[in-house]
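What follows is the residue order along each chain.
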Amino acid sequence: MPTPRLLDDSKNIVGESPLWHPEEGSLYWTDVNGFSIHRYILQSGEKKCWSFGEPVCALSLTTAPDRILVALGSRLILWRPLTDERADLASPEPNWPHNRLNDGATDPNGVFWIGSMRNNVGPNGQDIEVSGNSGSLYRVTPDGSVSVWDTGFGITNTLAWSPERKTFYCGCSPSNVIYAYDYRAADSSISNRRPFVVGVAPGLPDGSAMDEDGCLWNCRFFGGCILRFRPSGKLDRVVVTTASLHARDTEDHAGGLFEIPVDVRGLPTGQFRLS
């Protein structure tokens, strides 16, 4: 694989949820423990940061180019970066602040899926050691209705759909497992959970992205890498990464924003359908 190139030495504590905004030519991402959203405009290199006062866990495009769906630790909001306008949408996790929201993504029908976990972020962004399997997987429809589709997660991570819209992937980090589910596009439902990859080293499964070949690119927390899995579950590629949380002293640019050229296209990002 080519060597990753540093775009922004942002020093994020836990940088997550990179989101390409095609109309702006910009990349948004979150710093979960830094309570912030960052933006990098690719052509100019211009950078901007917004603060939110609590963990910022996941992002999604919407059918309105000027609005982004933001998953905070406590709730979902619709956000306009241009004016910084913020409007509450839904509160899927009823046990905040004991639990918080975590990874999320929009399915091919414009429906948002979001997982939760035991809240491991303190009031000042500090990392808190937690345990237990109190996380759930929620579905949020465009009218803000919430339903529970799975439970018993330690940390819910990885939400992705296969190119043919027949398989949904979701994982549990502490258990080191990524599950596959049958996905029914007709009504945005899932069923038939089964293991996809289990006990893979290094690290534990974090967020993922899907490419047009149906391969899942999975970030590995504590592993310092991204692993690419074929639809069969076979590992076929490794990319080195870094975060500043728990980083070694030798990782000079830990928590930075990097890019790396690859020979396959990613699937277009889902857009939450505004009602």
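Computed from a prediction, not measured in an experiment: that's the story for all the values here. (Residues numbered from 1 in each chain as written. Predicted model: local features only at pLDDT ≥ 70, side-chain atom pairs only at ≥ 80, totals over all residues. Heavy atoms only, no water.)

1. Regarding the pattern of salt bridges
Then comes step 1: Tallying each qualifying case throughout the model produces 17 salt bridges.
Then comes step 2: Here D84 and R86 are joined by a salt bridge, their closest N and O atoms 3.0 Å apart.
Then comes step 3: The partner of R230 in a salt bridge is D236, with the nearest N and O atoms 3.2 Å apart.
Then comes step 4: Residues joined by salt bridges that share partners form a network here, namely D211, D213, R228, R230 and D236. (Salt bridge = Lys/Arg side-chain N within 4 Å of Asp/Glu carboxyl O.)

2. A word on unusual backbone geometry
Then comes step 1: Here the residue pair W96 and P97 is connected by a cis peptide bond, since its omega of 5° sits within 30 degrees of zero.
Then comes step 2: Looking at the element boundaries, P97 is found in the loop between strand 9 (85-90) and strand 10 (99-106).
Then comes step 3: A cis geometry characterises the amide bond from A201 onward to P202, with omega recorded as 0°.
Then comes step 4: Relative to the helices and strands, P202 is located in the loop between strand 17 (189-198) and strand 18 (204-210). (Helix = DSSP H or I, 4+ residues; strand = E, 2+ residues; numbered from the N terminus.)

3. Digging into the sheet that holds strand 18
Then comes step 1: Taken together, 4 strands build an open sheet; the order of strands is 18-19-20-21 and the sheet is antiparallel. The open sheet terminates on both sides in strands that have one partner only, identified here as strand 18 and strand 21 (235-240). Each neighbouring strand pair of the sheet contributes to a mean axis angle of 25°, computed without reference to strand direction.
Then comes step 2: Bridging between strand 20 (residues 225-229) and strand 21 involves 5 bridges; their strand directions are antiparallel. Across the sheet, the residue bridging to F229 is L235, located in strand 21. (Pairing = 2+ DSSP bridges. Axes fitted to C-alpha atoms, helices over the stretch in contact; angles between N-to-C directions.)

4. What to know about the packing of aromatic side chains
Two numbers describe a pair of aromatic rings. These are the distance of the centres and the angle of the planes.
Then comes step 1: Scanning the entire structure with this criterion turns up 12 aromatic pairs.
Then comes step 2: Seen in terms of ring centroids, W50 and W79 are 4.9 Å apart; in terms of plane orientation they differ by 80°. Their pairing is edge-to-face. Placement of W50 in strand 5 (residues 47-51) and of W79 in strand 8 (residues 76-80) is noted, with a sequence separation of 29 residues between them. W79 matches W50 in its accessibility class, with the two residues each being buried.
Then comes step 3: Ring geometry for F196 versus F229: centroids 6.4 Å apart, planes at 75°, classification edge-to-face. On the criterion of sequence distance, the pair formed by F196 in strand 17 and F229 in strand 20 is long-range, its members being 33 residues apart. Like F196, the residue F229 is buried in the burial classification. (Phe/Tyr/Trp six-rings, centres within 6.5 Å; stacked < 30°, edge-to-face > 60°. Buried < 20%, exposed > 50% of the residue type's maximum accessible area, 1.4 Å probe, protein only.)

Coordinates in, geometry out; function isn't part of it.
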